[in-house]
Each structure stands twice: as C-alpha cells, then as structure tokens.
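Given next are the chains, with one letter for each unit.
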Amino acid sequence: MEKMTIIIPVHEINFEYLNKAVESIPSNKKYTIAFVGPISVIEELNMKDFNTKANINLIVNTGDTDFCSQINYAVSKCTTKYFSILEMDDTYTPIWFNNFNKYLPHYDDVSVFLPLIKMVKYDNPDVVSLGNELSWSNAFVDENGFINSECLESYYDFMFSGAIFNTNDFIEYGGLKKSLMIASTYEFFLRMAYNSKKIFTIPKIGYIHTFGNPESYTMKTASSIQQKHGEWLIKLAQEEKYFKEDRNKKFEEE
C-alpha cells in the first residue's frame with residue numbers, strides 16, 4: 001500500500017462536513033491527513049479529536065487562503081510520493097484507494113490519477129451526473145482513460161479534487177496558478193499534458209463531489225466572476241499552459 005497525504009483546505013469550520021470527509025479516508029497510519037488553513041481555523045482543529053488512526057498534520061497558512069495558495073503551500077510541506085485533495089464537503093468512496101493501489105504498479109509513469117466522480121447537489125443527495133467519464137469515451141479520447149491536449153482543448157471541465165497526484169511532478173511543473181481563478185485547475189491539466197505528463201482516469205467511482213453549496217470557496221469565487229471574465233479565463237488558460245510560473249495576467253473590461 002502506497003503512503004499518501006490527503007490535503008483538506010479549510011477556510012472555515014464545519015465539523016459536520018469535516019467528520020464525513022475524514023471518515024471517508026482509510027483509518028491507517030500510511031495515510032496522513034493534512035489540514036491547511038489560517039491560524040484561527042487550525043487552532044480550532046487542534047482542539048478536535050477525529051476518530052481515525054491516520055496521522056493528522058495541521059498546517060498553518062499565514063499567506064493567501066484561496067484554493068490555489070492553500071494547495072500549493074500544503075504540497076510544499078508534503079513528504080509522501082503521492083497526495084490527494086479532499087474538499088471539506090466531499091467524500092471518497094470506499095474503493096478509491098484500493099483501486100489506486102491496484103492500478104499503480106501498471107501505471108507508475110502516470111502523474112495524475114483521476115477518479116470517476118459522482119456529482120450530488122448539496123441539498124439533495126441523489127446522483128445528478130458523473131464527472132470525468134468522458135475520458136473513457138471512444139469518440140473523445142485516442143486511448144481509453146488517458147486525457148491529452150486534444151481532449152482538453154475540446155472540454156475543460158475535468159474534476160481536480162479527489163485526484164491523486166505525483167508530488168514531485170506537481171511541484172516541478174509549477175502547481176496551481178492563483179491568477180487563473182476558476183480556470184486554474186483546467187490550466188494545470190493543460191500544462192501537464194503539454195509537458196507530456198500522463199493523466200489517467202481509473203474507471204471506478206472514487207469520489208463524491210457536492211456542488212452548489214453557497215458557502216464553498218468555489219461557489220463564492222464563481223459568483224464573483226462575470227461571464228466575459230470567465231470566458232477570458234478559459235481562453236487565457238489555453239495560452240498560459242506553456243509557462244510554469246504564474247504570469248498574473250489581468251482581465252480588463254472592453
């Protein structure tokens with residue numbers, strides 16, 4: 001079993017969500033749960049006794065607490081070969097890490113392992129749709145399960161959370177770019193594919209993503225962006241994939 005760090009970015013406390021998230025992580029010493037957030041949040045988490053045998057690592061982030069900055073900072077402290085990202089109001093399925101360990105010996109040159117994702121609305125647990133399933137469509141990909149540049153130029157909504165990343169590759173190729181905002185994960189996938197790093201979807205549902213929660217960082221960010229700005233960010237992501245560094249391009253209204 002491969003050692004793993006599970007990064008949970010936390011900008012505010014909701015123990016109902018956090019308990020469910022932690023319970024979905026294997027209760028095993030080979031797993032480290034890394035909470036990252038501002039000092040006030042980490043101090044509150046330090047008082048909490050989670051029911052798990054996994055290691056708990058509390059990372060105080062004194063810098064920016066947007067999603068990209070939180071993830072980049074936590075990854076810089078990561079000591080395992082692989083890490084995954086778990087959003088506070090999401091959960092893993094019981095089979096996800098077992099399937100990763102089954103596939104890893106045969107796909108050890110893959111930089112990013114994506115799960116199939118069950119998408120549910122925050123106020124309705126019924127399944128609404130699946131995520132990442134296009135990577136197994138014969139009409140969409142050249143090789144089943146693998147996402148390349150051509151795929152990403154046609155479709156930009158592959159899901160980032162729940163995935164398992166090679167830590168060294170994530171750092172070497174620049175991590176997430178804060179300035180890309182809602183398009184930051186899309187640009188990351190584009191950049192990895194451009195640099196011939198493999199992105200593969202394991203054909204099993206490994207993650208349950210809750211969408212529509214008005215308190216989530218993603219929803220708050222998306223609601224602050226106008227349509228023209230969002231379209232500009234997607235186009236910019238396709239241009240910025242050639243650069244590892246965040247060049248901080250700014251949107252200007254016409």
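For the structure given in this document, a descriptive report is provided here. (Residues numbered from 1 in each chain as written. Predicted model: local features only at pLDDT ≥ 70, side-chain atom pairs only at ≥ 80, totals over all residues. Heavy atoms only, no water.)

When its secondary structure is counted, the protein shows nine helices and nine strands. For 254 residues, the compact-globule estimate of 2.2 N^0.38 gives 18 Å, and the protein sits close to it at 17 Å. For the protein, the C-alpha atoms occupy an extent of roughly 50 × 45 × 40 Å along the three principal directions. Counting every position in the protein, which comprises 254 residues, the buried fraction comes to 49%. (Helix = DSSP H or I, 4+ residues; strand = E, 2+ residues; numbered from the N terminus. Rg over C-alpha atoms; globule rule 2.2 N^0.38 Å. Buried < 20%, exposed > 50% of the residue type's maximum accessible area, 1.4 Å probe, protein only.)

With seven of seven residues buried, strand β2 (residues 31–37) lies mostly within the body of the structure. Across the two faces of β2 the burial is the same, with Tyr31, Ile33, Phe35 and Gly37 and Thr32, Ala34 and Val36 all buried. Chirality of the crossover, the property in question, places the unit of strand β1 (residues 4–9), helix α1 (residues 15–23) and β2 among those that are right-handed. By the bridge criterion, six bridges tie β2 to strand β3 (residues 55–60) in an arrangement that is parallel. Within the sheet, the bridge partner assigned to Phe35 lies in β3 and is Leu58. Once the chain exits β2 it traverses helix α2 (residues 39–46) before rejoining the sheet at β3, and the crossover so formed is right-handed. (Right-handed = clockwise from strand over helix to strand, strands pointing away. Pairing = 2+ DSSP bridges.)

With that out of the way, let us pick up α2. If you check which residues of α2 are buried, you get Val41, Ile42 and Leu45. All buried residues of α2 project into a common sector of 95° when viewed along the axis, lining one side. Looking at the buried residues of α2, the elements they touch are α1, β2 and β3. (Arc of directions from axis to C-beta. Contact = heavy atoms within 4.5 Å.)

Although it is not a glycine, Asn132 sits at a positive phi angle of roughly 70°. Accessibility expressed as a relative area gives 3% for Asn132, which makes it buried. Residues other than glycine seldom take positive phi values, yet Ser196 does so here, at roughly 60°.

The next point concerns the pattern of salt bridges. In the structure shown here, the tally under the stated rule is nine salt bridges. A salt bridge links Lys198 to Asp109; the nearest nitrogen and oxygen atoms lie 2.6 Å apart. In this pair, Lys198 sits in strand β9 (residues 198–211) while Asp109 sits in the loop between α4 (96–103) and β6 (110–121), placing the two residues 89 residues apart along the sequence. You can call Lys198 partly exposed: its relative accessible area is 36%. Asp109 gets classed as partly exposed once you look at its relative accessible area, which sits at 44%. Between Glu153 and Lys241 there is a salt bridge, with its nearest N and O atoms 3.6 Å apart. In this pair, Glu153 sits in helix α5 (residues 149–154) while Lys241 sits in the segment after α9 (227–240), placing the two residues 88 residues apart along the sequence. Linked through salt bridges whose partners overlap, the residues forming this network are Asp64, Asp66 and Lys178. (Salt bridge = Lys/Arg side-chain N within 4 Å of Asp/Glu carboxyl O.)

Looking now at the state of the cysteines. For the structure on display, the rule yields zero disulfides. For Cys68, which is in no disulfide, the shortest distance to another cysteine sulfur is to Cys78 and amounts to 17 Å. By relative accessible area, Cys68 is classed as buried at 4%. (Disulfide = S-S within 2.5 Å.)

The next point concerns the pairing of β6. Within β6, 10 of the 12 residues are buried, which leaves the element mostly enclosed by the surrounding structure. When β6 meets β9, the two strands line up parallel, connected through 11 bridges. Considered in β9, the bridge of Lys121 is made with Phe211. In the sheet, β6 pairs with strand β8 (residues 164–166) via two bridges, with the strands oriented antiparallel. Bridge pairing in β8 places Phe113 opposite Ile164. One ladder, built from five bridges, connects β6 with strand β7 (residues 124–131); its direction is antiparallel. Within β7, the residue paired with Ile117 across the bridge is Gly131. Hairpin connection, β6 to β7: the antiparallel pair is bridged by two residues.

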